Amino acid sequence: MTAALEEALSLNIPNPSHELVQVVRGRRSGLAICVAIHSTALGPAAGGCRIAHYADPSAPVADALRLAAAMTEKNALAGLDHGGAKAVLALPTVPRPAGAERTALLHDLGDAIEALGGRYIAGPDVGSGPADMSVIGERTTHVCCRPVEDGGSGDSSLHTARGTLAALGAVADEVFGSPELAGRTFGVIGLGAVGAHVARLLDRLGARLVVTDVNPAARGLAKELGATWVDPKDALAMEVDVLVPAALGGLLTARTVPLLRCAAIAGPANNQLDEPATADLLAARHILWAPDVVVSSGGVIHATGVELRRESEERLTERIQGIAATLREVFHTARTHRTTPAIAAGRLAGQRVSQTTTQEG
Ligand SMILES: NC(=O)c1ccc[n+]([C@@H]2O[C@H](COP(=O)([O-])OP(=O)(O)OC[C@H]3O[C@@H](n4cnc5c(N)ncnc54)[C@H](O)[C@@H]3O)[C@@H](O)[C@H]2O)c1
């Protein structure tokens, strides 16, 4: 256990912008679990469980705070009656525990979620998947995305990819004057669960693909799709129409923005900007950035729709396609107010939260 987390365990960390920030020690695993609930103004807060090793001891709490706030924006902009939250379990080492050790930490996570009495509904995130949700579900009912055979909605990555495609149509329309994706060139960074679906869907529509991944095994998919492969270190400098980040967050920074050779960026990777000011650097280079909180919302729309709202697949498809309309509204607001899409998305999310709470009040 790190010193910062040890210290955090002794207090309920005060944070004026979040409703609740809690660090508890798992009684089985001895590991620290941080749960941040940013807002329940629209309804129970929904967000994933991140299980990861952090080199910086203060990073897990900071990550939970940041990711929970982003979930409030994502859920509000997706039109969901859910607030935003995130759980972060900090692993002591990079290798992930397996077997009984993993079960113990997942049961600890389940207890931490259950203790919140339904204010927080958990799902998968980096380091956790549908099978883990079933194990967490042995300790709490407030969990989504268990495998379909266990009664859940399963892996959400295809739905996140479908939402990304809808977003790419809106981006193409904004930048090139047509939502047509055929013949355009897309640079997909990361061919994991979501990125591989995005690449396949784009290929099916007749788009040209440039792809990369740190995992050399992903070259197989590149070959299958006839995509051009670039080295991961050259990913940001790909000369493409639209760059599609589908790996980890934090890739857009003051150092990397000058390297870009694309007209727009829109991808499912969460938290792509290292800090809010990076949105201004992109705008200064006339590169359109589609906020990831909008682009990546297909998964949460589908999972909560199936498991909590019992919506039909037709209705869910409509909602996922609706990501394009939301993005158009974000771009329109940004243009009208001479601001960045990042600021416009934050404003639109804030408006939905305050309108709903005013109506209810
Ligand atoms: N899975 C979902 O439904 C979902 C929903 C919303 C947002 N997201 C976000 O989308 C992103 C991708 O999610 P995923 O579920 O596909 O994850 P994943 O772990 O399955 O895939 C990530 C891929 O990126 C690759 N990668 C990692 N670092 C890289 C780098 N520096 N350069 C190139 N490739 C790199 C990995 O090798 C892996 O293949 C994440 O940021 C995630 O938080 C996912």
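Just so it is clear, the structure is predicted and the values come from calculations on it, not from any experiment.

1. Quick look at the nonpolar core
Logical step 1: Formed by 59 residues in total, the largest nonpolar core has its most connected members in Val-171, Phe-186, Leu-202, Leu-209 and Leu-327.
Logical step 2: Phe-186 has contacts with Leu-168, Leu-181, Leu-202, Ala-207, Arg-208, Leu-209, Val-210, Val-240, Val-242 and Val-244, leaving out every residue within four places of it along the chain.
Logical step 3: Ile-37, Ile-113, Ile-136 and Cys-145 belong to the second-largest nonpolar core, a separate cluster that totals 28 residues.

2. Quick notes on helix α11 (residues 313-336)
Logical step 1: A rise of 1.5 Å per residue sets the reference length of α11, with its 24 residues, at 34 Å; its end C-alpha atoms lie 35 Å apart and thus fit the reference within 8%.
Logical step 2: The sharpest bend along α11 reaches about 25° and sits at Ile-323.
Logical step 3: Within the span of α11, buried status applies to Leu-316, Arg-319, Ile-320, Ile-323, Ala-324, Thr-326, Leu-327, Val-330, Phe-331, Thr-333 and Ala-334.
Logical step 4: Downstream of α11 by a residue or two, Arg-338 has a phi angle that is positive, lying close to 50°.

3. Concerning helix α3 (residues 99-114)
For an α-helix the count is 3.6 residues per turn, leaving residues at separations of three or four pointing the same way.
Logical step 1: For α3, spanning 16 residues, the distance from its first C-alpha to its last is 22 Å, which sits close to the expected 22 Å at 1.5 Å a residue.
Logical step 2: Considered for burial, the residues of α3 that qualify are Arg-102, Ala-104, Leu-105, Leu-106, His-107, Asp-108, Leu-109, Gly-110, Ala-112 and Ile-113.
Logical step 3: On its buried face, α3 is in contact with β1 (20-25), β2 (32-39), β3 (45-53), β4 (83-91), β5 (120-124) and α4 (130-136).

4. Some remarks on the pattern of salt bridges
Logical step 1: Applying the stated criterion across every chain yields a total of 19 salt bridges.
Logical step 2: Taken together, the shared-partner salt bridges in this structure form one network comprising Arg-50, Asp-63, Arg-66, Lys-86 and Asp-125.

5. Some details on the domain arrangement of the protein
When the parts come together, some accessible area is lost, and that loss is often what is quoted as the size of the interface.
Logical step 1: Entries for the protein in the domain assignment read domain 1 (3-67 + 84-150) and domain 2 (157-352).
Logical step 2: If you average the C-alpha positions of domain 1 and of domain 2, the two centres end up 26 Å apart.
Logical step 3: Summed over both partners, the interface of domain 1 with domain 2 buries about 690 Å², with 59% contributed by carbon and sulfur atoms.
Logical step 4: Among the residues of domain 1 in contact with domain 2, Leu-42, Arg-66 and Cys-144 are the three that bury the most area, contributing 47% of the side total.
Logical step 5: Run the count over domain 1 and domain 2 and you get 1 residue pair in polar contact (both at pLDDT 80 or more).

6. Re the pairing of β4
Remark: a regular strand shows side chains that alternate across the two faces of the sheet.
Logical step 1: With 9 of 9 residues buried, β4 lies mostly within the body of the structure.
Logical step 2: Direction of pairing for β2 relative to β4: antiparallel, over a ladder of 6 bridges. Opposite Ile-37, over in β4, you have Ala-85 as the bridge partner.
Logical step 3: The parallel pair β3 and β4, bridged by helix α2 (residues 59-77), forms a crossover whose chirality is right-handed.

About the thresholds
Residues numbered from 1 in each chain as written. Predicted model: local features only at pLDDT ≥ 70, side-chain atom pairs only at ≥ 80, totals over all residues. Heavy atoms only, no water. Core = buried A, V, L, I, M, F, W, Y, C linked by side-chain atoms within 4.5 Å. Buried < 20%, exposed > 50% of the residue type's maximum accessible area, 1.4 Å probe, protein only. Contact = heavy atoms within 4.5 Å. Helix = DSSP H or I, 4+ residues; strand = E, 2+ residues; numbered from the N terminus. Expected span 1.5 Å × (residues − 1). Bend = angle between axes of the 7 residues up to and from the residue. Salt bridge = Lys/Arg side-chain N within 4 Å of Asp/Glu carboxyl O. Domains from an automatic or database assignment. Buried area = accessible area lost by both parts, 1.4 Å probe. Polar contact = N/O pair within 3.5 Å; in protein donor to acceptor, adjacent residues only side chain to side chain. Pairing = 2+ DSSP bridges. Right-handed = clockwise from strand over helix to strand, strands pointing away.

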